[in-house]
Amino acid sequence: MCCNTFKFAPYFKENTTMRYDFNQIEKKWQDYWAKNETFKASNTSEKPKYYVLDMFPYPSGAGLHVGHPLGYIASDIYARYKRHKGFNVLHPQGYDSFGLPAEQYAIQTGQHPAVTTEANIKTYRRQLDQIGFSFDWSREVRTSDPNYYKWTQWIFIQLFESWYNNNSNKAEHIDTLVEVFKSEGNATVNAACDDDVETFTAEEWNNYSSEQQQEILLKYRLTYLAETEVNWCPALGTVLANDEIVNGVSERGGHPVVRKKMTQWSMRISAYAERLLQGLDTIDWTDALKDIQKNWIGKSVGASVTFNVNGHDEKIDVFTTRPDTIYGVSFMTLAPEHELVSKITTEAQKADVEAYIEKTAKRSERDRMADVKTISGVFTGAYAEHPFSKEPIPIWIGDYVLASYGTGAVMAVPCGDQRDYDFAKHFDIPIPNIFDGVDLSEEAYGSKDNVKIANSDFLNGMNYKKATKRAIYELEQIGQGEGKTNYRLRDAVFSRQRYWGEPFPVYYVNGMPQMIDKAHLPIVLPEVEKYLPTEEGEPPLGRADVWAWDTESNAVVSNDKINNTKIHPLELNTMPGWAGSSWYFFRYMEDAMRDETFASEASLKYWENVDLYIGGSEHGTGHLLYSRFWVKLLKDRGFVDVEEPFKKLINQGMILGTSAIVYRINEAPDFIVSGDVCNNYNNSEKRAETLKLIQSHTGQSLNSIQLDPVHIDVKLVNASDEIDVLAFRSWMKEFGYGHIKFISTKSERDSDTIKVNREVEKMSKRWYNVVNPDDICEQYGADSLRLYEMFLGPLEQYKPWNTAGITGVHSFLKKLWKLYVGQDSLNVNDTEPTKDNLKTLHKTIKKVQEDIENFSFNTSVSTFMIAVNELTAQKCTSKAILEPLLVLISPYAPHIAEELWEKIDNEPSISTAPFPTFDASHLVESSKNYPISFNGKMRFTMELPMDMGKDDIEAAVMAHEKTIAQLDGRTPKKVIVVPGKIVNIVG
RNA sequence: GCUCAAGUGGCGGAAUUGGUAGACGCGCUGGAUUCAAAAUCCAGUUUCUUCGGAAGUGUGGGUUCGAUUCCCACCUUGAGUACCA
């Protein structure tokens, strides 16, 4: 009761508009921005354009934690900065809303993924809004929206209707290929296509049936249906692309993956391997990410060599990067799956070979990868003929040769390749030495440098470079080889056996895929009663009752109408997650004509491509490669004008959690010891004493104990790493451990100061270290959250979050407020700024501008702190200083900046106020505090005039008493004077 | 194995053409204010020290008048990739 009376005490009746009430201020400005569409970008503007993009989020059910907005805050600061700098900024946001988690949830609960996705998006939007981002929401995209995926389907059709012409080095419409086939056949065509296309003449082509022609065209199309070996994940019931597999298990869920032959849609990304590689030189990405993509594309230059097989018509093609070592070949190895194995194996070896193939087939890809050390293989009994020496070369099979790379066969050069060397040693195969003066008794000589070829006929005495050229030339002369470039990059599987993804605009006539005309898009995802595969093992769309295409009415109709004349079955697979994200950056450019086009010509021309893209590096071999591929296709086909989607890319690092840990005594599970007790126990000097302390609590006498770490909720721990015991007890009660007792170093009994140990781990519910931005915004405000996320450290770096530190930036904001707003009136007036005021302002302008342009946001926050500390000490009230200061801070802490901007009599909004101009004249100094160092070690400083000459400086320094003391009678050997910088005395 | 990035106080980190190492903040210590707490403000806080100084940026070398910064070797951590012929 008595507490209530306080409420009416006059003490509490303060002027609320003078307080830094961040909750009220932030709400006010977020509403203002939304109502006035402050950040709506225009497609027509006098200003130069700038496009800042975030990787759009997948709206998961868990909502955002404090780590997610890091990149968004950085890009928002940059977008706001660019507006101050006079740019027309496009800064959109949307949702990558198709995906596995929503589907898994649907399988468990029966809820339609569209429903849960919608709910998740609502949460995301609320959470994003409260952080005060300057997004133009009028251009929002959602990949699961039919009006959006209509155009994803449209792009798929474009890929289907394209082939890659290696002569023009670009994709062309499939009709141009058909024209060539009609008039010349395919002998002259230089295309990226399947390996197994056979040569035909124009006459043959014209006589083929329509089905035969379609079958051939499929081998050329940039998206094609083919039976290929795919990565099948039984647990997820779907195939996965190479980049979705990490260490042999699925990226999502960590389920095992097996190889399986299946008919699937693929994307002929390999056609673009060279352009994807070359394009990296034209974009401003980090070298680290470029390296990731370079490695993934995996270009290697060498030669293909054809070996004749003795006694057979068959030939073996191999790829080698070392044609110069052709005379070092002493055997050949085929992959066990190689198609020639069964044909060339001799009767005598048949049993051994078959046993070996059976054995290796049983081993999973993962076992094979894990077991690199074991050497295994078997002789086929057959011999190939050396192209030059005509010597017989034994042909082996071995599982160190992969069927999926190159031709699935290698010419083994044991003197130059360690694997060939090991294989030869193991099976006692000769190791001919073709390197001049190299010792091969221990290992192969893998280096290309500092060695001359020997025992190699026409290659003798040559170095690597010369010999390679000559060998290729000679191979070409005899028609048994040519120069060749190989890429590791594989075509990407594009089908998924899932429900929650884009349906293909495809139906089947006699098993051949047909595209639905773009006029009838979108083909909308059908309803199903369950989201699981069918009993027959078909994808979930196999459960749809209305999933057939009527070619007369051009509509999706009921399955029972299928007659395979006019009404045909539709494709049951859906597109993978990366389909929708491979072109969304173009969709944001369009603000008016979204129904007519994926993005209009005018919009595409105005915005071109993304100037700054911020997101995680985990997309290095997925999204960032596929997007580049699709953009190149769209460019080749004349739909867009740019070759690369993202001019500049920055990868933000992950924010990690700071877990709080105490320890349970294994032998006395009712007791929990604090972090410091555990540390003492692990310290040999304090161990005995600590054991005594523990025994005095538990009453048990133990010689040694085991301490098991227990993660506790980080919310229960204060800035000094101490647990709030009361809160902790009630938290433990939820788990049924309300009776637990504590042991700490501080007290003999149950203590109120239990310390935790800290550990940096990934933010996860499992470790109770997740921090929700909602809580931070409520307690400290969005501006504090934004500043603190930036203040934590460099954007690209991984760094731990610890809520304790946020008080630093929060009290900075309070100080900033107090600089402008006094107890009951404003502090800002028209006083002339002092020299010091101007100096502080201009060095801040300079630093902040440099920092933003270098994406060094952490250092600008400390620059602001210094500026506010200095101006407070200077008692600055001058509007000429305080007004431009707000513009500097506004990108980082926009709400407080808007509020103070309005308070000092400006029209809202601050968002397009010009960025202050730096004037170097305010930083000119008349004197310099010279560091005086001896042998490079700074010993004292000395104030000297800035314009003092070298000799005068030396004289002044040498006369200083501390110099004399330092030298202690010695004469210096040398005195280095760098005017304006430093003095160094040697001796 | 190969490729790339990074190692600085108790903690996050700063030092951008080599020129005063530890900015800024957290935490900690002491003080002011307060009945008390919160909040706020002030001072101190790399280590050692005989209080004069001395050492110090993962380790060991090198270049230089001078190295956190450049070069070489090694160690540790993280990321990518993996029998790629």
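Just so you know, these numbers come straight off a predicted model, no measurement behind them. (Residues numbered from 1 in each chain as written. Chains lettered and ligands numbered in written order. Predicted model: local features only at pLDDT ≥ 70, side-chain atom pairs only at ≥ 80, totals over all residues. Heavy atoms only, no water.)

**Re a nonpolar patch on the surface**
Now for step 1: Where nonpolar side chains cluster on the molecular surface, the patch consists of Ile976, Val978 and Ile982 and spans about 190 Å² of accessible area.
Now for step 2: Mapped onto the elements, Ile976 comes out in strand E36 (residues 974-978). (Patch = residues over 30% accessible without salt bridge, like charges linked within 9 Å, V, L, I, M, F, W, Y side chains within 5 Å. Areas by Shrake-Rupley, 256 points an atom, 1.4 Å probe, with all protein chains shown as cover. Salt bridge = Lys/Arg side-chain N within 4 Å of Asp/Glu carboxyl O. Helix = DSSP H or I, 4+ residues; strand = E, 2+ residues; numbered from the N terminus.)

**Focus: the domain arrangement of chain A**
Now for step 1: The domain architecture assigned to chain A consists of domain 1 (299-487), domain 2 (655-761), domain 3 (780-922) and domain 4 (925-986).
Now for step 2: Centre-to-centre, using C-alpha coordinates, domain 1 lies 67 Å away from domain 3. (Domains from an automatic or database assignment.)

**Regarding the sheet that holds strand E4 (residues 170-173)**
Now for step 1: Strand order in the open sheet formed by three strands is E4-E3-E5, with antiparallel pairing between adjacent strands. Of all strands in the sheet, those bounded by a partner on one side alone are E4 and strand E5 (191-192).
Now for step 2: Strand direction decides the pairing type here: strand E3 (residues 162-165) and E4, joined by four bridges, are antiparallel. Residue Trp163 lies in a different strand from E4, and its bridge partner there is Glu172.
Now for step 3: Here helix H7 (residues 174-184) sits on the sheet and contacts E3 and E4; the angle it forms with E4, its principal contact strand, is near 75 degrees. (Pairing = 2+ DSSP bridges. Contact = heavy atoms within 4.5 Å. Axes fitted to C-alpha atoms, helices over the stretch in contact; angles between N-to-C directions.)

**Some details on the sheet that holds strand E2 (residues 88-90)**
Now for step 1: Taking strand neighbours across the sheet as the criterion, the four strands line up as E2-E1-E24-E25 in an open arrangement whose pairing is parallel. A single partner strand is all that each edge strand has here, and the edge strands are E2 and strand E25 (646-651). Averaged over all pairs of adjacent strands, the angle between their axes in this sheet comes to 20 degrees, without regard to strand direction.
Now for step 2: Where strand E1 (residues 49-54) meets strand E24 (residues 610-615), three bridges bridge the pair, whose relative direction is parallel. What sits directly across from Val52, in E24, is Leu612.
Now for step 3: The strands touched by helix H20 (residues 623-636) within the sheet are E24 and E25, with E25 carrying the most contacts at an inclination of about 175 degrees.

**Remarks on helix H29 (residues 879-889)**
Along an α-helix, a turn takes 3.6 residues, which lines up residues three or four apart on a common side.
Now for step 1: Burial analysis of H29 places eight of its 11 residues in the buried class, which makes it a mostly covered element.
Now for step 2: Buried residues belonging to H29 abut helix H3 (70-84), helix H26 (806-820), helix H27 (835-853), helix H28 (857-873) and helix H30 (894-903). (Buried < 20%, exposed > 50% of the residue type's maximum accessible area, 1.4 Å probe, protein only.)

**Quick notes on the nonpolar core**
Now for step 1: One finds Ile712, Tyr820 and Leu885 to be the most contacted residues of the largest nonpolar core, which totals 100 residues.
Now for step 2: Each of domain 2 (655-761) and domain 3 (780-922) gives at least three residues to this core.
Now for step 3: Beyond its immediate stretch of four places on either side in the chain, Tyr820 contacts Leu826, Asn827, Val828, Leu882, Leu885, Leu886, Leu900 and Ile904.
Now for step 4: Within the second largest apolar cluster, 93 residues are counted, among which are Met55, Trp154, Val506 and Leu541. (Core = buried A, V, L, I, M, F, W, Y, C linked by side-chain atoms within 4.5 Å.)

**A short note on the pairing of E3**
Now for step 1: Of the two faces of E3, both are covered, the one formed by Ser162 and Tyr164 as well as the one formed by Trp163 and Asn165.
Now for step 2: With antiparallel pairing between neighbouring strands as the criterion, E3 and E4 make up a hairpin whose turn holds four residues, including Asn169 at a positive phi of roughly 55 degrees.
Now for step 3: Note: E3 against E5, two bridges, orientation antiparallel. Looking at the pairing, Tyr164 lines up with Ala192 of E5.

**Focus: the packing of aromatic side chains**
Now for step 1: Tallying each qualifying case throughout the model produces 70 aromatic pairs.
Now for step 2: Note on Tyr51 and Trp607: the rings are 6.5 Å apart at their centroids and 65 degrees apart in plane angle, and the pair reads as edge-to-face. Here the residue Tyr51 occupies a position in strand E1, and Trp607 occupies one in helix H19 (residues 601-607), the gap between them amounting to 556 residues.
Now for step 3: Classification of Trp607 by relative accessible area gives buried; the value is 0%.
Now for step 4: One residue, Arg628, lies across the ring of Trp285, its end atom 5.8 Å from the ring centre. (Phe/Tyr/Trp six-rings, centres within 6.5 Å; stacked < 30°, edge-to-face > 60°. Lys NZ or Arg CZ within 6 Å of the ring centre and 35° of its normal.)

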